[in-house]
Amino acid sequence: LALEALSVQGPLVHLSKFPEDSPFVRKEAGWLGTEFLRRFILTFDPPNKVVYLEPNPNGAPPDLYNNSGIYVIKSKGNVVVQQVIKDSPAEKAGIQPWDIISQIHEYPCNQVLFDRLYGFLKLDKGQQLPLILLRGEEQIQITLTYQSAF
């Protein structure tokens, strides 16, 4: 990705879209996350609707893959599974699109910052992550065991 004189090698982006019949408000085609943005110092100019990006002098670590195989968003205060990658630990554990993650480790998701939530999804091979899901009225406890989803 190149932005004028700045370039980022191999940025990870999320490109997905909710189907038209999605029950959730947020319907986006994709986004660049904080792993990309922390490479820069951002200056917001709301009156002119401009964001300026300058290289972060501290640098940034390379992007890490989400080893769990799930992509989530926050919608109406909930952490919602938007997509499950085929043959991933998430699919093998039975997670489905539209499941709501209510708890990650021992933390209620409504008390976890979104960046930290994604941090939980990027652990080393063999590590486990306990989750509590809501699927309709049903509460489901699962444990993801990490391996590369890609």
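So, a few notes on the structure that sits alongside this text. (Residues numbered from 1 in each chain as written. Predicted model: local features only at pLDDT ≥ 70, side-chain atom pairs only at ≥ 80, totals over all residues. Heavy atoms only, no water.)

In this structure, Ile70, Val72, Ile95, Ile101, Ile104, Leu129 and Leu131 are the most contacted members of the largest nonpolar core, which totals 24 residues. Those elements that provide at least two residues to this core are strand 7 (70-75), strand 8 (78-84), strand 9 (100-104), helix 3 (114-120), strand 11 (128-135) and strand 12 (138-145). (Core = buried A, V, L, I, M, F, W, Y, C linked by side-chain atoms within 4.5 Å. Buried < 20%, exposed > 50% of the residue type's maximum accessible area, 1.4 Å probe, protein only. Helix = DSSP H or I, 4+ residues; strand = E, 2+ residues; numbered from the N terminus.)

This part is about the pairing of strand 11. The pairing of strand 9 with strand 11 spans 4 bridges and is antiparallel. Residue Ile100 lies in a different strand from strand 11, and its bridge partner there is Leu134. Sheet analysis places strand 11 next to strand 12, joined by 8 bridges and oriented antiparallel. Of the residues in strand 12, the one forming a bridge with Ile132 is Gln141. As consecutive antiparallel partners, strand 11 and strand 12 are separated by 2 residues, and within that stretch Gly136 has a phi angle of approximately 65 degrees, a positive value. (Pairing = 2+ DSSP bridges.)

The full count for this structure, using the stated rule, is 1 aromatic pair. Both rings, one in Tyr107 and one in Phe120, keep their centres 6.0 Å apart while their planes meet at 25 degrees; by these two values the pair is stacked. Here Tyr107, found in strand 10 (residues 107-108), pairs with Phe120, found in helix 3; they are 13 residues apart in sequence, far enough to count as distant. Classification of Phe120 by relative accessible area gives buried; the value is 6%. Between the NZ or CZ atom of Arg116 and the centre of the ring of Phe120, over which it lies, the distance is 4.3 Å. (Phe/Tyr/Trp six-rings, centres within 6.5 Å; stacked < 30°, edge-to-face > 60°. Lys NZ or Arg CZ within 6 Å of the ring centre and 35° of its normal.)

Any link to function would need more than the numbers given here.
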